[in-house]
Every structure is written in structure tokens, then in C-alpha cells.
Amino acid sequence: MRLALRYTAEMGATDQLDFSFRPPERRIWTVRELVASVRSHMEREYSDAWVEGEISNFRAQSSGHLYFTLKDPSSQISVVMFRSSARLLRFRPADGMQVVVRGRVTVYEDRGQLQISAEYVEPKGAGALQIAFEQLKAKLEAEGLFAASRKKPIPALPRAIGIVTSPQAAALRDILHILHRRHHSVNVVVYPAQVQGEAAAREVAAGVRYFNRARSQEVIIVARGGGSAEDLAAFNDEGLARVIAGSALPVISAVGHETDFTIVDFVADLRAATPSAAAELVIRSRQEIEDQVERLAGRLEKAMRFELLMGRQQLTELARHGAFGRMIDWIRRRQQKVDDLTNRLVHAQRDVLETQRRRYEALSAAVRHHDLGLVLAGVRKELEARVATMATAARNLLWQRRSRLERVAGQIQALSPVAILERGYALLFDSSGNLLKDADRVKAGDEITARLARGEIAATVKKSSGAG
């Protein structure tokens with residue numbers, strides 16, 4: 001039997017029934033080649049797969065990538081969602097959440113592990129937007145951003161109002177119409193912002209920051225008309241919610257219809273059911289104010305009349321009492337004493353004034369008999385003498401300084417190289433401007449310059465001989 005199955009590589013083999021066969025060619029793979037081949041096959045075969053399961057071992061890396069395991073009662077598979085896709089999620093996945101994952105089935109070559117590269121994840125049951133809303137609401141509520149204690153009061157009659165909304169929105173026209181009707185003198189500034197789409201939350205937040213920096217408005221209205229949950233998604237943004245919560249100016253949320261609720265509604269200082277309701281709430285009508293003033297004036301007038309009536313009645317009762325008569329007699333005595341003291345004060349003032357007048361006249365007479373000319377002449381002579389002394393001292397000091405200067409100038413002149421040149425000497429410089437002190441530093445044909453007492457001479461060396 002062993003002999004019957006023997007074969008050669010060139011001729012093949014023949015079995016007992018004279019059938020010849022060639023065994024399959026053996027191929028040896030490297031591990032990476034095999035995994036890469038399986039990966040390519042998987043990605044071609046399952047390029048767009050939808051898989052349902054429960055999330056476990058969820059990890060969100062600092063890089064923005066998401067990793068988790070998708071499992072059912074009998075099996076599991078790893079899932080990776082890269083940052084470019086994860087940033088588009090409307091909610092944050094969590095362990096235990098039932099989801100549907102759409103992506104490409106692939107193999108992670110470094111570990112030979114089967115996984116799904118997810119491009120889209122949606123929760124099973126409740127929508128992604130609703131889950132994101134509930135998650136963010138719970139987070140901000142736990143931080144105290146919804147607490148009534150931090151809500152700022154809305155001014156009763158603001159003179160300037162800031163509105164953040166789209167200039168083309170019907171909600172803006174409704175607000176302006178109501179404000180003009182209720183109090184036409186109010187100042188309104190509109191900050192244009194998108195109220196739908198990816199840039200909406202960022203632009204609305206920029207509008208709130210602008211009014212907080214300007215501080216020329218007293219209250220801010222964030223407004224948008226009704227719409228679907230997707231249309232209002234910008235007002236469920238965490239960044240926008242934190243900007244509104246940190247606003248120093250009170251903020252009124254007027255987003256959607258009465259049945260619509262967004263995160264902005266919870267963090268704002270006041271929620272209006274509609275944009276029109278916000279205009280009604282932010283400012284009271286002129287007629288309401290005038291009616292209230294009239295009612296208050298009527299109540300004040302009645303209160304004053306009642307107080308006067310009660311005071312008059314009390315005064316009448318007191319006037320009938322004997323103590324009141326004694327009080328009047330005491331007041332009259334005091335008035336008489338005041339008159340007496342006033343007369344005495346007037347006479348005393350006249351005496352003082354008369355004494356001062358006589359003293360003034362005596363002093364004036366003494367001054368008129370005193371010769372001021374002699375005093376001034378003495379002062380003038382003393383000043384002239386001091387001036388002469390100072391002039392003499394100044395001349396002596398100048399003469400001393402001049403003598404010293406002349407001595408120093410003479411010494412400098414004696415040491416000056418120019419003075420030596422006046423006696424017929426000259427300074428020689430080479431072509432580089434260096435002073436020549438040694439004949440060995442030049443040779444025949446070199447250009448030199450001679451500095452005389454007045455002027456310079458250019459020369460050419462014909463011959464040079466050193467000191468040695």
C-alpha cells in the first residue's frame with residue numbers, strides 16, 4: 001500500500017486502479033498576510049452592515065474615538081467609532097443601552113480581532129435627540145444650573161432690550177409688533193443669528209456674549225418659532241446653555257411653541273411659551289402702567305385725607321384740654337423771651353461795630369503819620385549792597401574758572417599729536433588706515449598716507465629697511 005501511493009513531484013502518482021492524481025500545491029501564509037486577506041474579504045462582503053445589540057465596556061478616549069462591545073445573549077463583537085463619526089452623534093452611548101449600529105465589518109490586524117468600524121449609531125426605542133436631551137438635562141440639573149435661586153429678576157420696565165434671533169424669522173416681527181404696541185419708546189437691538197443648523201448654537205451664544213459685553217441692554221430675549229425636535233436641536237447645546245447660565249444680564253427664552261421644551265428654557269431666567277408671550281412678559285403696556293399709577297394716586301389721596309381728618313379731630317380734642325391752654329401760655333412766654341434776647345443781641349452788635357470803627361480810625365491816623373519812604377529807601381540800599389556783593393563774587397568765580405580752563409587747555413595742547421605735527425613731524429598710515437611704527441610692515445610699492453599739521457599726502461614706498 002505504501003508503494004502504491006508513492007509519487008514523484010514531476011510525474012504525479014498512480015493508485016491501485018491506475019488513476020493518477022496531483023496533490024494541491026501547499027501555500028504557506030504569514031500571519032499578517034492571512035489576517036489582511038480575511039480583512040479584505042470581510043470588508044468586501046460586509047461593507048454596509050446593520051447590527052443590533054446591547055452596549056457594554058464603553059470607553060471614550062481623549063482622542064475622540066469611541067470603543068465598546070456590542071452583545072446579545074449568545075455572542076458579542078467589538079465596535080470602534082472614530083472621532084469623525086463620533087462627533088456627529090446626538091447622544092452619548094452608555095453601558096446597557098440597546099442600539100443599532102451601522103458600519104463595515106473588518107479585522108483589527110494587530111490582534112486578529114473581528115470588529116465593526118461604526119459610522120452611525122442610533123438608540124433602540126427612544127430617538128437620539130431625546131436621549132441626548134435627557135442626558136444633558138440631568139447633567140446640568142445636577143450642577144445646579146436649573147436652580148431657582150440663581151435666576152435673575154426681569155426688570156419691570158426695561159428701557160433697552162436685546163433680541164438674539166434670525167432677522168428673517170416671523171417670531172422677530174411678532175415681538176417687535178407687540179413691543180411697539182405696548183410701549184413704543186423702548187429701545188430694541190437685534191443681534192442676527194442662525195436659529196437652525198450646526199452653526200446656530202455658536203451664533204446665538206455669540207449674541208448673548210455681545211450684549212453682556214456692551215451692557216447697554218437690560219434684558220436679553222433668545223427667540224425662535226416652533227419646529228420639529230431636529231429644528232430646535234441647536235437650543236439643546238451644552239455650550240449655549242452654559243453661556244446663558246453665566247450671563248450677567250437676565251435672559252428670557254422664547255423658543256418654539258408652548259409644548260416645546262429645550263435646555264435653554266431650563267437655564268434661562270424666565271421661559272416664555274412663545275416669542276409673542278416673551279414680548280408680553282418683558283414689558284408692561286403703557287395703559288397698564290397709567291392705570292396702576294392712577295389707582296395708586298387715588299389710594300394715596302384717600303389715605304392723606306383720612307390722616308388729615310384724624311389729625312384735625314385729635315387737635316380739636318387737645319385744644320379743649322386745660323394742658324393745651326397752659327402750653328400756649330408757656331409758648332407765648334418763650335416767644336417774649338426770644339424777642340428780648342433778639343433786641344439785646346442787636347444792641348450788642350451795634351456796640352461792637354462802633355468800637356471797631358473807632359479803632360480803625362485810630363490806626364488809619366497812625367499809618368498816615370508814618371513815613372514809608374524812609375523804610376523803602378533803607379530796604380533799597382540793603383538790596384543794592386547785596387547785589388554788588390553777589391556780582392563781585394560771581395566775577396571772582398568766573399576768573400578762577402577761566403584761569404583753570406586756560407591751564408588745562410595748555411596742557412592738552414602740549415600733549416596733542418597735532419601740536420607735534422606743527423613742529424614738522426608727520427604721521428604715516430598704511431593702506432588700511434593703521435598707524436605705521438615699524439618699517440618692516442611695508443614694502444616697496446605699497447601705498448601709504450602721511451598726515452601733516454595741515455592736510456595729508458599720498459605716497460608710494462620705493463624702498464623699506466627695518467631697524468635690524
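First, a word on what this report is: a plain description of the structure on this page. Note that the coordinates shown come from a computational prediction; the quantities given were computed from them, not determined experimentally.

Cut-offs and rules
- Residues numbered from 1 in each chain as written.
- Predicted model: local features only at pLDDT ≥ 70, side-chain atom pairs only at ≥ 80, totals over all residues.
- Heavy atoms only, no water.
- Phe/Tyr/Trp six-rings, centres within 6.5 Å; stacked < 30°, edge-to-face > 60°.
- Buried < 20%, exposed > 50% of the residue type's maximum accessible area, 1.4 Å probe, protein only.
- Lys NZ or Arg CZ within 6 Å of the ring centre and 35° of its normal.
- Pairing = 2+ DSSP bridges.
- Helix = DSSP H or I, 4+ residues; strand = E, 2+ residues; numbered from the N terminus.
- Axes fitted to C-alpha atoms, helices over the stretch in contact; angles between N-to-C directions.

### Notes on the packing of aromatic side chains
Then, in step 1: In this structure the tally under the stated criterion is 6 aromatic pairs.
Then, in step 2: Relative to Phe266, the ring of Phe261 has its centre 6.1 Å away and its plane inclined at 25 degrees; by these criteria the two rings are stacked.
Then, in step 3: Judged by relative accessible area, which is 45%, Phe261 ranks as partly exposed.
Then, in step 4: Taking the relative accessible area as the measure of exposure, Phe266 reaches 22% and is therefore partly exposed.
Then, in step 5: Taken together, the aromatic side chains of Tyr191, Tyr210 and Phe211 make up a single cluster linked through ring pairs.
Then, in step 6: Positioned over the ring face of Phe261 is Arg271, at 4.0 Å from the centre of the ring.

### Points about the sheet that holds strand E7 (residues 113-123)
Then, in step 1: With mixed pairing, 5 strands are arranged side by side around a closed barrel as E3-E4-E5-E7-E6. Taking the axes of each pair of neighbouring strands and ignoring which way they run, one obtains an average angle of 55 degrees across the sheet.
Then, in step 2: Sheet topology note: the strand E5 (residues 75-81)/E7 ladder contains 3 bridges and is parallel. Bridge pairing in E7 places Val80 opposite Ser117.

### Focus on the pairing of E7
Within a regular beta strand, the side chains point alternately toward one face of the sheet and then the other, so they alternate between its two faces.
Then, in step 1: Sheet analysis places strand E6 (residues 98-108) next to E7, joined by 10 bridges and oriented antiparallel. Paired with Arg104 across the bridge in E7 is Ser117.
Then, in step 2: Between the antiparallel neighbours E6 and E7 lie 4 residues, among them Gly112 with a positive phi of about 60 degrees.

Such coordinate-based values are descriptive only and should not be taken to indicate function.
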